[in-house]
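A closer look at the structure
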Amino acid sequence: MAISKVWISLLLALAVVLSAPAARAEEAAAAEEAAAAPEAVLTLHADNFDDAIAKHPFILVEFYAPWCGHCKSLAPEYEKAAQLLSKHDPAIVLAKVDANDEKNKPLAGKYEVQGFPTLKIFRNGGKNIQEYKGPREAEGIVEYLKKQVGPASKEIKAPEDATYLEDGKIHIVGVFTEFSGTEFTNFLELAEKLRCDYDFGHTVHANHLPRGDAAVERPLVRLFKPFDELVVDSKDFDVSALEKFIDASSTPKVVTFDKNPDNHPYLLKYFQSNAPKAMLFLNFSTGPFESFKSAYYGAVEEFSGKDVKFLIGDIEASQGAFQYFGLKEDQAPLILIQDSDSKKFLKEQVEAGQIVAWLKDYFDGKLTPFRKSEPIPEANNEPVKVVVADNIHDVVFKSGKNVLIEFYAPWCGHCKKLAPILDEAAATLQSEEDVVIAKIDATANDVPGEFDVQGYPTLYFVTPSGKKVSYEGGRTADEIVDYIKKNKETAGQAAAAATEKAAEPAATEPLKDEL
């Protein structure tokens, strides 16, 4: 199971150093001006959403929740940007949808809204939908969106048109003999697809580019970046191959997890990747840092052909990661690997000279995975049973009972609101010996791969025969009780299901070992 978007946000939030706010007088003046003007942000809902998307060839939509603090912070900036962009020629439209409203929840589900605020760009009547990945303050929103409505790739006609390529960001430039043919068409198709992520340019004059050469063999795609080898080229113009080339080339060989906001886009890509991840955590401000860094970068080069992504993290900035992986500062320096099956391998108190050997043992399959788990409770007498990673399979899949299990976070307001409701439902069902209501702190325990937990609270219902469904019932005690009574398996049903399963042909491939 990949790291959820909820946790990606938390990992980065704990690393961010907020810039100083603008002067209070300027903020007050802007607020007064915004309040005086009519609202420029369109309010969309289930009844008018499709018509608005069809009407506007380009529209930015914010999916928000009224209770969300981040949404409240964004609101005045979003409105200010909408007012400024309403004067653009052509006008650029900003809209919002209350995704917390029951009638709008199908929209949120359709467009995979998993957190708030979520912003998406809809182009060409919704035929092309992209995540908004720009700034969250008015001026930045305006600048970003103006670029999004122009051509996906801009022609570089002179050296002064190419100075932006050295601004410390990632840029992709196509170098052609002429602006026609399959290669150019594929390049523009890719530019349109990835324009929210990168700036694209094209030229017939390679010598106009930084470190350019008029004699370069064209056509080619050149990627400029502020790290590693600075420039990389590809001559494969297959759209899929180009996309893979850009994805592989646009992340540093070693991603740095610190408080520098310039590194956060690379961290997002790193944690969103399904590839195995190696992470070295230590204190960046202590003496041994340079020797560890040298040894780690050397290991990265040695294992460059392996399918693994590398990160080096400062423990001061990486508290979110420590919490997610169940680590403690006194274990550092430490090296951790999370593979594509979410199995984890740990070497704590690692020495610089041990890094290469430990990584070799991992690639040779000699390491034993570890699991983050709270201790199994000695007493578990409350109506809602406490489950941890070390006993979740015994309680949920091997108990022979119907189990409603909640994955929660201690800080989650919705979880706190649900807690007494689950207690009431569990107390009502205490006489039902074949029913268990349980909960697991998903921030302190690894979530097994059988469950997809992207937010909190997440509830699943599992029957004695192993049937597992995401709980989509009501959130009152009576509704939970009714759901369980209607959906639970009796002993006879479970036995029949087990007999039927035993009669099925053997699987052609062995099942994966459970964590």
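Residues numbered from 1 in each chain as written. Predicted model: local features only at pLDDT ≥ 70, side-chain atom pairs only at ≥ 80, totals over all residues. Heavy atoms only, no water.

An unreviewed UniProt entry lists the chain under the name Protein disulfide-isomerase, with Triticum aestivum as the source organism. Heading Sequence similarities (unreviewed entry) of the UniProt record for the chain holds this comment: "Belongs to the protein disulfide isomerase family." As recorded by UniProt, the Function (unreviewed entry) comment attached to the chain reads in full: "Participates in the folding of proteins containing disulfide bonds, may be involved in glycosylation, prolyl hydroxylation and triglyceride transfer." (UniProt positions renumbered as here; feature names shortened; annotations may be inferred.)

The next subject is the pattern of salt bridges. Taken as a whole, this structure holds 19 salt bridges when the rule is applied. A salt bridge links E102 to K105; the shortest N-O distance between them is 2.9 Å. Exposure remark for K105: the relative accessible area of 37% places this residue in the partly exposed category. Taking the shortest distance from any N to any O, the salt bridge between D233 and R222 comes out at 2.8 Å. Of this pair, D233 sits in strand β10 (residues 231–234) while R222 is found in strand β9 (residues 220–224), placing the two residues 11 residues apart along the sequence. With a relative accessible area of 10%, R222 lands in the buried category. Salt bridges sharing partners connect three or more residues here, namely R123, E192 and R195. (Salt bridge = Lys/Arg side-chain N within 4 Å of Asp/Glu carboxyl O. Buried < 20%, exposed > 50% of the residue type's maximum accessible area, 1.4 Å probe, protein only. Helix = DSSP H or I, 4+ residues; strand = E, 2+ residues; numbered from the N terminus.)

Before going further, it helps to spend a moment on the environment of A275. Mapped onto the elements, A275 comes out in the loop between α9 (264–272) and β12 (277–282). Residue class for A275 comes out buried when judged on its relative accessible area of 14%. Note: C-alpha distance between A275 and S340 (65 residues apart in sequence) is 5.5 Å. Here A275 is in contact with D307, K309 and Q338, once residues within four sequence places are set aside. (Contact = heavy atoms within 4.5 Å.)

We now examine the sheet that holds β9. The strand order β6-β8-β7-β9-β10 describes an open sheet built from five strands, whose pairing is mixed. The strands lining the two open edges of the sheet, one partner per strand, are β6 (153–155) and β10. Each strand axis lies, on average, 25 degrees off the axis of its neighbour in the sheet, ignoring direction. Bridge count between strand β7 (residues 171–175) and β9: five bridges; the pairing is antiparallel. If you follow I172 over to β9, its bridge partner there is L223. Where helix α7 (residues 181–194) meets the sheet, its contacts fall on β6, β7, β8 (199–203) and β9, and the angle it forms with β8 comes to roughly 160 degrees. (Pairing = 2+ DSSP bridges. Axes fitted to C-alpha atoms, helices over the stretch in contact; angles between N-to-C directions.)

Another aspect to go through is the packing of α7 against helix α8 (residues 239–249). Packed helices, taken two at a time, are described by the angle their axes make and the gap between the axes. Where α7 meets α8, the axes come as close as 10 Å, and the angle between the chain directions of the two elements is 50 degrees. Relative to α8, the element α7 is oriented oblique. Crossing angle aside, the handedness with which α7 passes α8 is right-handed. Note on element contacts: α8 touches α7 through V239, L242, E243 and I246, opposite N186, E189, L190, K193 and L194. Tallied by class, the residues present in the contact of α7 with α8 amount to five nonpolar, one polar and three charged. (Parallel < 35°, antiparallel > 145°, perpendicular 65-115°, else oblique. Left-handed = near helix turned anticlockwise from the far one by under 90°. Nonpolar A, V, L, I, M, F, W, Y, C, P; charged D, E, K, R; others polar.)

Here the focus is the sheet that holds strand β15 (residues 344–348). The strands that make up a sheet pair up through hydrogen bonds in the backbone, lying either parallel or antiparallel. With mixed pairing, five strands are arranged side by side in an open sheet as β11-β13-β12-β14-β15. Both edges of this open sheet fall to β11 (254–257) and β15, since each of them pairs with a single strand only. On average, adjacent strands in this sheet sit at an angle of 15 degrees to one another, irrespective of strand direction. Inspection of the sheet shows β11 paired to strand β13 (residues 309–314) by four bridges, in the parallel sense. Bridge assignment links T256 to a residue of β13, and that residue is I312. The sheet contacts of α9 involve β11, β12 and β13, and relative to β11 the element is tilted by about 115 degrees. Against the sheet, helix α12 (residues 355–363) makes contact with β12, β13, β14 (334–338) and β15, and its axis sits at roughly 20 degrees relative to β14, the strand it touches most.

What follows covers helix α4 (residues 69–85). Taking 1.5 Å as the rise per residue, α4 with 17 residues should run 24 Å; its terminal C-alpha atoms sit 25 Å apart, in good agreement. Its maximal kink placed at A75, α4 deviates by approximately 35 degrees, while the proline P76 follows within four residues. Burial in α4 covers these residues: C71, L74, Y78, E79, A81, A82, Q83 and L85. (Expected span 1.5 Å × (residues − 1). Bend = angle between axes of the 7 residues up to and from the residue.)

On to the packing of aromatic side chains, then. The final tally for this structure, using the stated rule, is 28 aromatic pairs. For the ring pair W67 and F116, a centre distance of 5.7 Å and an interplane angle of 85 degrees mean the geometry is edge-to-face. Of this pair, W67 sits in the loop between β2 (58–64) and α4 while F116 sits in the loop between α5 (105–110) and β4 (118–123); the two residues are 49 residues apart in sequence, bridging distant segments of the chain. Residue classification places F116 among the partly exposed residues on the basis of a relative accessible area of 26%. Centre to centre, the rings of F227 and Y266 are 5.2 Å apart; their planes meet at 80 degrees, and the pair counts as edge-to-face. Highlighted residues: F227 in the loop between β9 and β10 and Y266 in helix α9, separated in sequence by 39 residues. Among the residues examined, F227 registers a relative accessible area of 11% and is labelled buried. Taken together, the aromatic side chains of F176, F179, F184, F187, F200 and F237 make up a single cluster linked through ring pairs. (Phe/Tyr/Trp six-rings, centres within 6.5 Å; stacked < 30°, edge-to-face > 60°.)

What follows deals with the nonpolar core. The biggest cluster of nonpolar side chains holds 38 residues, and the ones touching the most others in it are I172, F200, I246, M279, F281 and L311. Secondary structure elements with two or more residues in this core: α7, β9, α8, β11, α9, β12, α11 (319–325) and β14. Of the domains in this structure, domain 2 (151–250) and domain 3 (254–364) are the two that each give at least three residues to this core. Apart from residues lying up to four places away in sequence, F200 is in contact with A152, S153, K154, Y164, I172, F187, L190, A191, L194, R195 and I246. (Core = buried A, V, L, I, M, F, W, Y, C linked by side-chain atoms within 4.5 Å. Domains from an automatic or database assignment.)

For N402, the position within the fold is in strand β17 (residues 402–408). Within polar-contact distance, the side chain of N402 engages the backbone nitrogen of E489 at 2.8 Å. Beyond its immediate sequence surroundings of up to four residues, N402 is in contact with D434, V435, V436, F461, V462, T463, P464, K488 and E489. (Polar contact = N/O pair within 3.5 Å; in protein donor to acceptor, adjacent residues only side chain to side chain.)

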